[in-house]
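So the chains spell out like this:
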Amino acid sequence: MFLRIVKDSFARQARRKLLTAVALALGTAVATATLSVALDVGDRLGREFRSLGANLLVTPQADTLPLDIGGVDYRPVDAGAYLQDADLGKLKTIFWRNNIIGFAPFLDVPVALRPANTSAAAPPGVAAPPAASSLSPITSPSGGTPAGRATLIGTWYNHAVQVPNGGGIFRTGLSATDPWWHVEGSWFADDAAECVVGASLARRAGIAIGQTLQVNAGGLTLPLRVTGIVTTGGQEDDAVVAPLEIAQRLSDHPGQYRRLLVSALTKPEDAFSQHDPSAMTPADYDRWYCSPYISSISRQMQEQFPAVEVRPIRQIAEGEGRILTRVSALMWLVTLAALLAAAVAVAATAGTTVLERKSEIGLMKALGASRLLIGAFFLGEQWLLALLGGAAGYAAGIGLAHLLGQQVFGVSPQWRPILLPVVLGMAAAVATLGSLVPLRGMVQLDPAPVLRGE
Amino acid sequence: MTEPVKDLVVQAELVSKTFGTLRALDRVSFQVVAGEWIAIMGPSGSGKTTLINILGGLDRPTSGRAIVDGVDVGTLGERELTRYRADKVGFVFQQFHLVPYLSAVENVMLAQYFHSVADEAEAVRALQRVGLGDRLVHLPSQLSGGEQQRVALARALINHPKLILADEPTGNLDQANEDLVLDLLRDLHSAGHTILLVTHSLAIGRLADRRIELAHGRLAQIIFNVDENHKAVQEHS
């Protein structure tokens, strides 16, 4: 009988019900769109942020204090501890391995540079450089000295790493951690005697693409062909960036590196992530461990490499956290505003409906209907409207999210069917919220005056 | 020694009701036994509808006691009052008061639903008893005034209430429909139902066993129609 009454009643006052459904549809459409984007924005912005640089720094625990002045590592090559590059595949075996989108090992070597002797032999294991044509002498900024010192930064550009336990090949290096570095010319090949030269150094020393440099360290001289001029705005602008293997040969540390930069997709830091994991309850620890906080990913990396120290690059992590939090807050605010507006519209139409149905409500009370039942009749209709309006709003919201995503990120947000029940629930909540005041008047209605026609 | 009154359905004891400064009912007392048909009469504003509303649990007395079937209506809480309305009384209003979007049979089932469980077959039988077997699925707007009032009567009776409260049930009807409704009320009375009927019409009032006349909220007089009719017959002869 309940459904029969609600169904029969629902067919009446079509115009007003249409208005309510439209209000709910508009509210839920905006909510669907903003929620779709908000749920995607973390991943999307995270990836955008990751293109700006790594957010984790890995160094040996036993390392000496770095002595880095003007981009040059002045520590003796033999000072400090080193890590093994053969172990790096393990990074892709941690719990949040899919969030590790790239890493690059670094080994800085102070070197002396001079123009190449075109007859120089290629070092063993490194491809021979092509003959340099118009080599200019390397000069100091004042232009007089034909040789200079610089730091050679050994790293990977796009290196194939074997992931243990049948994890396949993972390609990583600067192409993954620092894709925004601008190179005029081209990047070096990781297995060639090639390098790129920092823009400041190249300008100062008159180095051009295609030249071959003789790079000397610890009594070993290697010829490196310059494939590009790199601009980063950092210390690399004054350095030579070459394959890691070159740096390892020059420093006589085969298979080793000194620091590792890791780019990981992370969840913005929040109050919970700031807690000390060692003081957490087991349940909280599990929750923390299974959330992609930068701190939990650091912990998991440290478990794989006990001899290293993993440090989040705080400026980046915190900056990302702030931006993500603000963007998310904005999205939630817009959602809330849209739903509140819908609730106000629902309240207006519901108020008029109650006024018009006073005698019917009074009659039901006179016949022995409880307040609860009368409220349920009314809410039943409102929820039916919420179902229709919410479904229409969801469909419209998906389209709106597509437009928003294309405009803001150039990519449509992922379609999430799970949002449909959430949106329908929100529509029901909005319909209920908008009906509260009219509902209160309805259940408190005194039937006697109403039935007298007052 | 006075014999106790059996099957007392209504006991009004010094019932008063005020609305602000207006005294709608002023210490009204009377009793109604089971199976009686009482006509409540009086000019407009004399408190007839207020009295019916108090007995029907739609209003509460300001003072005094209104006891129906042993229940002091004025002391009931909201939930008990709701239950009381569903169980003890059946209302018939001058304005019919049918739910406009429900069919005739659904309007009757509505009262069943509020009482316990809707039983369509029983609702159909109730409508057949009032001569509306061919109007079951009609909406109120598709029924004449008399038909609507008969639906209201069927609805009032469906839960077998102890007391039928009819507030000017023929006030909006033409003569033919008025006769139809009054015939039904007569039948109900014959069947032993207790009826309290508010009317302005002396002719209708005379159909009842007694007439309770109110004036300015006070009980003016109670007239036993049997005595009056007997007296009239004697005078005539």
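> Looking at this structure, how should I read the overall build of chain B?
In terms of regular secondary structure, chain B is built from 8 helices and 10 strands. Taking contacts inside chain B between residues at least 6 apart in sequence as the whole, the part at least 24 apart equals 67%. For chain B, the exposed area adds up to about 10,600 Å²; of that, 51% sits on carbon and sulfur atoms.

> Explanation requested: the overall build of chain A in the structure shown.
The secondary structure content of chain A amounts to 12 helices and 16 strands. Scored against the burial criterion, the 454 residues of chain A give a buried share of 51%. The contacts of chain A with a sequence gap of at least 6 include a subset with a gap of at least 24, amounting to 80%. Of the roughly 20,100 Å² of accessible surface on chain A, a fraction of 61% belongs to carbon and sulfur atoms.

> What is the right way to read unusual backbone geometry from this model?
In terms of backbone geometry, most residues other than glycine have negative phi values and most peptide bonds are trans. Despite not being glycine, Asp252(A) shows a phi value in the positive range, around 60 degrees. Topologically, Asp252(A) is positioned in the loop between helix 5 (244-251) and strand 14 (256-257). Even without glycine at this site, Asp69(B) takes up a positive phi of about 50 degrees.

> Which parts of the structure should I look at to understand the sheet that holds strand 6 (residues 89-92) of chain B?
As a general point, the strands of a sheet are linked pairwise by backbone hydrogen bonds and lie either parallel or antiparallel. All names here are of chain B. The strand order across the open sheet built from 6 strands is 6-7-8-3-9-10, with neighbouring strands paired in mixed fashion. The sheet is open, and its two borders are formed by strand 6 and strand 10 (218-224), each paired with just one other strand. Looking at each pair of strands side by side, their axes are set apart by 20 degrees on average, direction ignored. Pairing between strand 7 (residues 163-167) and strand 8 (residues 195-198): 4 bridges, direction parallel. Its bridge partner lying in strand 8, isoleucine 164 is registered against isoleucine 195.

> Which parts of the structure should I look at to understand the pattern of salt bridges?
Pairing is possible between side chains that carry opposite charge, provided their charged atoms lie close to one another. With the rule as written, the count across this model stands at 22 salt bridges over all chains. Notably, a salt bridge pairs Asp108(A) with Arg259(A), separated by 3.3 Å at the nearest N-O pair. Here the residue Asp108(A) occupies a position in strand 5 (residues 100-115), and Arg259(A) occupies one in strand 15 (residues 259-264), the gap between them amounting to 151 residues. For Asp108(A), a relative accessible area of 8% translates into the label buried. The shortest N-O distance in the salt bridge between Asp87(B) and Arg83(B) comes to 3.0 Å. Linking Asp87(B) with Arg83(B), this pair stays in helix 2 (residues 78-88), spanning 4 residues, or about one helical turn. Each of Lys17(A), Arg357(A), Glu360(A) and Glu381(A) takes part in a single network of salt bridges with overlapping partners.

> When you look at the packing of helix 1 (residues 2-10) of chain A against helix 10 (residues 371-408) of chain A in this model, what are you seeing that I'm missing?
The geometry of a pair of packed helices is captured by two quantities: the angle between their axes and the separation between those axes. Residue and element names in this part refer to chain A. Between helix 1 and helix 10, the least distance of the axes is 10 Å, while the angle of their chain directions is 60 degrees. The orientation of helix 1 with respect to helix 10, classified from their angle, is oblique. The two elements helix 1 and helix 10 cross, and the hand of that crossing is right-handed. Touching Phe2, Ile5, Val6, Ser9 and Phe10 of helix 1 are Leu373, Ala376, Phe377, Gly380, Glu381, Leu384, Leu385 and Leu388, all from helix 10.

> Sorry if this is basic, but what is going on with the interface of chain B and chain A here?
One frequent convention defines the size of an interface as the accessible area lost when the parts assemble. Counting from both sides, the interface comprises 24 residues of chain B and, opposite them, 25 residues of chain A. Roughly 2,400 Å² of surface becomes buried between chain B and chain A when both sides are summed, with 66% attributable to carbon and sulfur atoms. Interface area lost by chain B to chain A is led by Tyr101(B), Tyr113(B) and Phe114(B), which between them contribute 30%. Linking chain B to chain A there are 3 salt bridges. Note that Glu106(B) and Arg4(A) form a salt bridge whose closest N and O atoms lie 2.8 Å from each other. Summed over the shared surface of chain B and chain A, the result is 6 residue pairs in polar contact (both at pLDDT 80 or more). Contributing elements (two or more residues each) for the side of chain B that touches chain A: helix 1 (48-55), helix 2 and helix 3 (104-115) of chain B. Broken down by element, the side of chain B that touches chain A gets its largest block of residues, 5 residues, from helix 3 of chain B. Split into classes, the residues belonging to the side of chain B that touches chain A amount to 14 nonpolar, 4 polar and 6 charged.

> Explain a nonpolar patch on the surface to me, please; I cannot follow it from the model alone.
Residue and element names in this part refer to chain A. On the surface, Leu336, Leu340, Leu433, Leu436 and Val437 cluster together into a nonpolar patch covering about 500 Å² of accessible area. Elements that contribute at least two residues to the nonpolar patch include exactly helix 8 (314-356) and helix 11 (419-443). Sorting elements by how many residues they give to the nonpolar patch places helix 11 first, with 3 residues. When you line up the elements, leucine 340 lands in helix 8. For leucine 340, a relative accessible area of 45% corresponds to the partly exposed category.

> Whenever I open this one, the sheet that holds strand 5 (residues 71-72) of chain B confuses me. Can you help?
Residues and elements named next belong to chain B. Strand order in the open sheet formed by 4 strands is 2-1-4-5, and the pairing between neighbours is antiparallel. Strands at the two margins of the open sheet, each flanked by one partner only, are strand 2 (22-33) and strand 5. Pairing between strand 1 (residues 8-19) and strand 4 (residues 63-68): 5 bridges, direction antiparallel. If you follow glutamate 13 over to strand 4, its bridge partner there is arginine 65. The strands that helix 1 touches are strand 1, strand 2 and strand 4; relative to strand 2, the one it contacts most, it runs at about 60 degrees.

> Explain the side chain of Gln382(A) here, please?
All names here are of chain A. Relative to the helices and strands, glutamine 382 resides in helix 10. Among the residues examined, glutamine 382 registers a relative accessible area of 7% and is labelled buried. The contacts of glutamine 382, once residues within four sequence positions are left out, are Val346, Ala350, Ala431 and Ser435.

> What is the right way to look at the pairing of strand 4 of chain B in this model?
Regular strands show a simple pattern: their side chains alternate between the two faces of the sheet. Here 2 bridges tie strand 4 of chain B to strand 5 of chain B, and the two strands are oriented antiparallel to one another. Each residue of the ladder has a partner; that of Ile67(B), found in strand 5 of chain B, is Asp72(B).

> How should the nonpolar core be read in this particular structure?
Membership of the largest hydrophobic core comes to 57 residues, with the highest contact counts inside it found for Met364(A), Phe30(B), Leu55(B) and Leu196(B). Ranked by residue count, the leading element in this core is helix 10 of chain A, at 5 residues. Beyond its immediate sequence surroundings of up to four residues, Leu55(B) is in contact with Val10(B), Phe30(B), Ala66(B), Val68(B), Val73(B), Tyr84(B), Val89(B), Leu165(B) and Leu196(B). Of all hydrophobic cores here, the second largest spans 51 residues; its members include Trp156(A), Cys195(A), Leu201(A) and Tyr257(A).

> How should the packing of aromatic side chains be read in this particular structure?
The description of an aromatic ring pair uses the distance of the two centres, along with the angle that the planes make with each other. Residues and elements named next belong to chain A. Tallied over the entire structure, the rule returns 14 aromatic pairs over all chains. It is arginine 259 that lies over the ring of phenylalanine 106; its NZ or CZ is 4.6 Å from the centre. Lying across the ring of phenylalanine 272, arginine 287 places its NZ or CZ 3.9 Å from the centre.

> What exactly am I supposed to notice about the pairing of strand 7 of chain B here?
All names here are of chain B. The element strand 7 is largely enclosed, with a buried count of 5 among its 5 residues. Bridge count between strand 6 and strand 7: 4 bridges; the pairing is parallel. Across the sheet, the residue bridging to glycine 90 is isoleucine 164, located in strand 7. Each parallel crossover has a hand, and for strand 7 linked through helix 6 (residues 175-190) to strand 8 it is right-handed.

Rules used in this analysis
Residues numbered from 1 in each chain as written. Chains lettered and ligands numbered in written order. Predicted model: local features only at pLDDT ≥ 70, side-chain atom pairs only at ≥ 80, totals over all residues. Heavy atoms only, no water. Helix = DSSP H or I, 4+ residues; strand = E, 2+ residues; numbered from the N terminus. Contact = heavy atoms within 4.5 Å. Areas by Shrake-Rupley, 256 points an atom, 1.4 Å probe, with all protein chains shown as cover. Buried < 20%, exposed > 50% of the residue type's maximum accessible area, 1.4 Å probe, protein only. Pairing = 2+ DSSP bridges. Axes fitted to C-alpha atoms, helices over the stretch in contact; angles between N-to-C directions. Salt bridge = Lys/Arg side-chain N within 4 Å of Asp/Glu carboxyl O. Parallel < 35°, antiparallel > 145°, perpendicular 65-115°, else oblique. Left-handed = near helix turned anticlockwise from the far one by under 90°. Buried area = accessible area lost by both parts, 1.4 Å probe. Polar contact = N/O pair within 3.5 Å; in protein donor to acceptor, adjacent residues only side chain to side chain. Nonpolar A, V, L, I, M, F, W, Y, C, P; charged D, E, K, R; others polar. Patch = residues over 30% accessible without salt bridge, like charges linked within 9 Å, V, L, I, M, F, W, Y side chains within 5 Å. Core = buried A, V, L, I, M, F, W, Y, C linked by side-chain atoms within 4.5 Å. Phe/Tyr/Trp six-rings, centres within 6.5 Å; stacked < 30°, edge-to-face > 60°. Lys NZ or Arg CZ within 6 Å of the ring centre and 35° of its normal. Right-handed = clockwise from strand over helix to strand, strands pointing away.

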